[in-house]
Amino acid sequence: MAKRSAPEVNAGSMADIAFLLLIFFLVTTDIATDSGLNRKLPPWEPPTEEPVVIKQKNIFQITVNKHDQLQIKTRGDDRVVKLSELRAEVVRFLDNGGGQGEDACKYCKGDKHPESSDNFDKAVVSLGNDRLTKYKTYISVQNEVIAAYNELRNREFLRAYPKLGMNFVQANNMYQDPQTDSEEKEKLKEKLQTIKDLIPQIFSEAETKKS
Amino acid sequence: MSKFKKKKEGGLPPISTASLPDIVFMLLFFFMVATVIKEDNLKIENSLPSADQIEKLDKKQPISYIYAGKPSERYRSTMGSESRLQLNDKFASPDQIKAFVAAERAALREDQKPKLIMALKVDKEANMGLIMDVKNELRKENALKINYTTKKGEATSNAGR
């Protein structure tokens, strides 16, 4: 009798095994979608230190109550505003440029109201929350404040570096992109820092009020 | 001529499934490469708020996650319905953050330690009181780089109530 050949292995269940693995990986993994608002917290300081005195006109006070309503204090009066109006108000405050003499703001394009901020370095945005404020409202307010800063930084970036053909946010994204080469990054870093120094984000979060 | 009828000629030949495993393996490899294994099992509700001024979080940097939100349905009877923190796989209180940050730092190389980012993944319905406590604890621990993880979208869409 002729030598028997090895029987062929049935590969029909291979697909089942592969499906099983596939489903396992689908269930246990997560497509990376992490992005968000980067912030830096102020260092912890003992509360005994003397409070820093800031001129009232340089403070833009935002207060959010437990019903998620917003109130702003600027130009000497209190007002209840909608979230959609907040960005324009913050821009108006930051861009005011009411400073005189050495406080004068070179690039501000605001209406130089005497009761509003002197210049970009002096302007402080302060945010106060109630303990019962919803997190989503807090994030929306943060987002609008960052948007206001980005709007001005974009404008100043385009003014200072018109040849690059991109604004601050685009340049920042390019800087953070791991595919940008390091030489390019160095150049961008310098320019980004110049704009960040021109318009610093001075953001103060007051202690939450007791409800 | 044979007694038996010949098979019908007209029928479609069966489709070969021999290449099916190859296709599925290809999918499998795609998912293995494009995804990461979930860090934590969530015991809380975690629908993130949306924002549009966002920056991407670089996965190469060291990131620690702090979750907060209402306990999910099955834990509600024991944990109540108030917003809670979750660190790693357990419910936690804000004073446990100190130990959490220390443990996360200890797991890193020396030069990576100052780069640690704390990503706050907080449910949009959570109260700010809890978040303020967390932030104060982080400030005490000198873990100052934080990221409010959000979805991409219009920030004003959060306000709908």
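The rules behind each value
- Residues numbered from 1 in each chain as written.
- Chains lettered and ligands numbered in written order.
- Predicted model: local features only at pLDDT ≥ 70, side-chain atom pairs only at ≥ 80, totals over all residues.
- Helix = DSSP H or I, 4+ residues; strand = E, 2+ residues; numbered from the N terminus.
- Rg over C-alpha atoms; globule rule 2.2 N^0.38 Å.
- Buried ≥ 20, exposed ≤ 12 C-beta atoms within 10 Å, placed from the backbone.
- Contact = placed C-beta atoms within 7 Å.
- Nonpolar A, V, L, I, M, F, W, Y, C, P; charged D, E, K, R; others polar.
- Pairing = 2+ DSSP bridges.
- Core = buried A, V, L, I, M, F, W, Y, C linked by C-beta atoms within 7 Å.
- Axes fitted to C-alpha atoms, helices over the stretch in contact; angles between N-to-C directions.
- Parallel < 35°, antiparallel > 145°, perpendicular 65-115°, else oblique.
- Left-handed = near helix turned anticlockwise from the far one by under 90°.
- pLDDT = per-residue confidence, 0-100.

Q: Which residues make up the overall build of chain A, and what values go with them?
A: For chain A, the count of helices and strands is 5 helices and 7 strands. In sequence order, the secondary structure elements of chain A are arranged as α-β-β-β-β-β-α-β-α-α-α-β. A compact globule built from 211 residues would reach a C-alpha radius of gyration of about 17 Å, whereas chain A, at 27 Å, exceeds it by more than 25%. Considering only C-alpha atoms, chain A reaches an extent of 110 × 50 × 35 Å along its principal axes. Per-residue burial for chain A yields a buried fraction of 26% across its 211 residues. When contacts within chain A are restricted to residue pairs at least 6 apart in sequence, those whose partners lie at least 24 apart make up 55%.

Q: So, the interface of chain A and chain B: which residues are in play, and what are the values?
A: Taken together, the contact pairs 48 residues of chain A with 53 residues of chain B. Considering each element in turn, the side of chain A that touches chain B owes the most residues, 12 residues, to helix α3 (residues 135–160) of chain A. A class-by-class count of the residues in the side of chain A that touches chain B yields 23 nonpolar, 15 polar and 10 charged. Of the strand pairs in this sheet, strand β2 (residues 35–40) of chain A and strand β3 (residues 55–56) of chain B are connected by 2 bridges, and their pairing is antiparallel. What sits directly across from Ser35 of chain A, in β3 of chain B, is Lys56 of chain B.

Q: Residue-level account of the nonpolar core, with values.
A: With 52 residues, the main nonpolar core has Val90 of chain A together with Ala68 of chain B as its most contacted residues. Broken down by element, the residue count for this core peaks at 10 residues, all from α3 of chain A. Excluding residues within four positions of it along the chain, Val90 of chain A makes contact with Phe60, Val125, Glu144, Val145 and Ala148 of chain A.

Q: Break down the environment of Ser13 of chain A for me, with residues and values.
A: Residues and elements named next belong to chain A. Following the sequence through the fold, Ser13 ends up in the segment before α1 (14–28). A residue is classified by how many C-beta atoms lie within 10 Å of it, and Ser13, with 9 of them, is exposed. As for Ser13 and Lys109, which are separated by 96 residues in sequence, their C-alpha atoms are 72 Å apart.

Q: Run through the sheet that holds β3 of chain B, naming residues and quoting values.
A: Read from one edge of the open sheet, 7 strands run β3(B)-β2(A)-β8(B)-β7(B)-β4(B)-β5(B)-β6(B), paired in mixed fashion. Since the sheet does not close on itself, it has two edges, and those belong to β3 and β6 (90–92) of chain B, each with one partner.

Q: Lay out the sheet that holds strand β6 (residues 124–129) of chain A with the relevant residues and their values.
A: Residue and element names in this part refer to chain A. The 5 strands lie next to each other as β5-β4-β3-β6-β7, forming an open sheet whose pairing is mixed. Lying at the two open borders of the sheet, with one neighbouring strand each, are β5 (77–81) and β7 (203–205). Here the average twist between neighbouring strands, direction ignored, is 20°. Two strands pair when backbone bridges link them, and strand β3 (residues 59–64) and strand β4 (residues 70–74) are joined in this way by 4 bridges, in the antiparallel orientation. Across the sheet, residue Gln61 finds its bridge partner in β4, namely Lys73. Across the face of the sheet, helix α2 (residues 83–94) comes into contact with β3, β4, β5 and β6 while running at roughly 15° to β4.

Q: Can you lay out the packing of helix α4 (residues 168–176) of chain A against helix α5 (residues 182–198) of chain A for me, pointing to particular residues and giving the numbers?
A: All names here are of chain A. Between α4 and α5, whose axes approach to 10 Å, the crossing angle comes to 140°. Comparing their axes, α5 and α4 come out oblique. Where α4 crosses over α5, the handedness of that crossing is left-handed. Along the contact surface, α4 presents Phe168, Ala171, Asn172, Met174 and Tyr175, while α5 presents Lys185, Leu188, Lys189, Lys191, Leu192 and Ile195. Taken together, the residues that form the contact of α4 with α5 break down as 7 nonpolar, 1 polar and 3 charged.

Q: Before we move on, could you go through the confidence of the model for chain A and cite the residues and values that matter?
A: Averaged over all residues, the pLDDT of chain A equals 82, while 91% of them reach at least 70. Of all helices and strands in chain A, the one with the weakest mean pLDDT is strand β1 (residues 29–31) of chain A (68), whereas α3 of chain A scores best (89).

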